Amino acid sequence: MAVLGYFLIPRGWRNGWLVLASYSFYGWEKPWYLLLLVGSTLLDYHCAQRIQADRRDFVRRFYLGLSLVGNIGALLVFKFSGLFSRSLNGLFHWPDLGWCEFFSGIALPLGISFYTFQSMSYTIDVFRGKVEVTRNLVDFAAYVSLFPQLVAGPIVRYSDIGDQLRERRESWDGFSLGVQFFIVG
C-alpha cells in the first residue's frame, strides 16, 4: 500500500507520504509511542536550526546539550527505569507503594535506540559543521522515521541520505533491484 501510494501521488508530496506511512507503521500497535518519535524529531530539528543560526559558542553548545539530554534522557527512562526502581526497592526494602510496578511495566518502544541515535547524529553533525541544516521539517521527519529501517536499523547519517531526500530518481530498474534486495533480505 505504501509503495502504491508513493507512486500515485505527485513527486513533491512523496516525503510527506513516507512520513505518514512511517508514522502509521510505528504507531499501529501503541499510538502513544508516536509522541516519542515526533518529540525526538521536533527536538532535534529545532536544536539543529538554532545551532546553525547562532554563531555564539555557548548558545550552540546549549542546544547541542539540550538535544543530547532530551534524547538520551528518554532512552534511559525507557531502558532502565524498571531496573533502577527494582534495584532501589531491593536495596532499601521500601514498602511497596506501587511505583516499582509502574516503572517495571514501562515497555521499551520499538526502535527507540535507532531513531534516537539517528536523530541525534544529525544534530551532532550540524554542530560539527559536517552537514547543512535542512529547512524542511518533512524531509527531516522522513529521515528519522523511514519505516523500512526504523525498527532494525542501520543508523544512517544525514550526510549519506540528505541529497536523496531532496532529489531522487525512480526507475523500473531501480525498483526491481529494490524488490530483489527486499526478497533476499
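Note that the coordinates shown come from a computational prediction; the quantities given were computed from them, not determined experimentally.

Caption draft 1: Focus on the packing of helix 3 (residues 33–53) against helix 7 (residues 137–145). At a closest axis distance of 10 Å, the pairing of helix 3 and helix 7 adopts a crossing angle of 125°. With respect to helix 7, the element helix 3 is oriented oblique. As helix 3 runs across helix 7, the sense of the crossing is right-handed. Contact residues: L37, T41, L42, D44 and Y45 in helix 3; L137, F140, A141, V144 and S145 in helix 7.

Caption draft 2: Up close: the environment of G16. Relative to the helices and strands, G16 is located in helix 2 (residues 14–27). By relative accessible area, G16 is classed as partly exposed at 33%. Through-space distance from the C-alpha of G16 to that of Y6 is 9.5 Å; in sequence the pair is 10 residues apart.

Caption draft 3: Region of interest: the packing of aromatic side chains. All told, the structure shown has 14 aromatic pairs when counted by the stated rule. Seen in terms of ring centroids, F7 and F175 are 5.8 Å apart; in terms of plane orientation they differ by 85°. Their pairing is edge-to-face. Here F7, found in helix 1 (residues 2–8), pairs with F175, found in helix 10 (residues 172–184); they are 168 residues apart in sequence, far enough to count as distant. Classification of F7 as partly exposed rests on a relative accessible area of 38%. Exposure remark for F175: the relative accessible area of 33% places this residue in the partly exposed category. Through a chain of ring-to-ring contacts, the aromatic side chains of Y45, Y122, F140, Y143 and Y158 assemble into a single cluster.

Cut-off values and rules
Residues numbered from 1 in each chain as written. Predicted model: local features only at pLDDT ≥ 70, side-chain atom pairs only at ≥ 80, totals over all residues. Heavy atoms only, no water. Axes fitted to C-alpha atoms, helices over the stretch in contact; angles between N-to-C directions. Helix = DSSP H or I, 4+ residues; strand = E, 2+ residues; numbered from the N terminus. Parallel < 35°, antiparallel > 145°, perpendicular 65-115°, else oblique. Left-handed = near helix turned anticlockwise from the far one by under 90°. Contact = heavy atoms within 4.5 Å. Buried < 20%, exposed > 50% of the residue type's maximum accessible area, 1.4 Å probe, protein only. Phe/Tyr/Trp six-rings, centres within 6.5 Å; stacked < 30°, edge-to-face > 60°.

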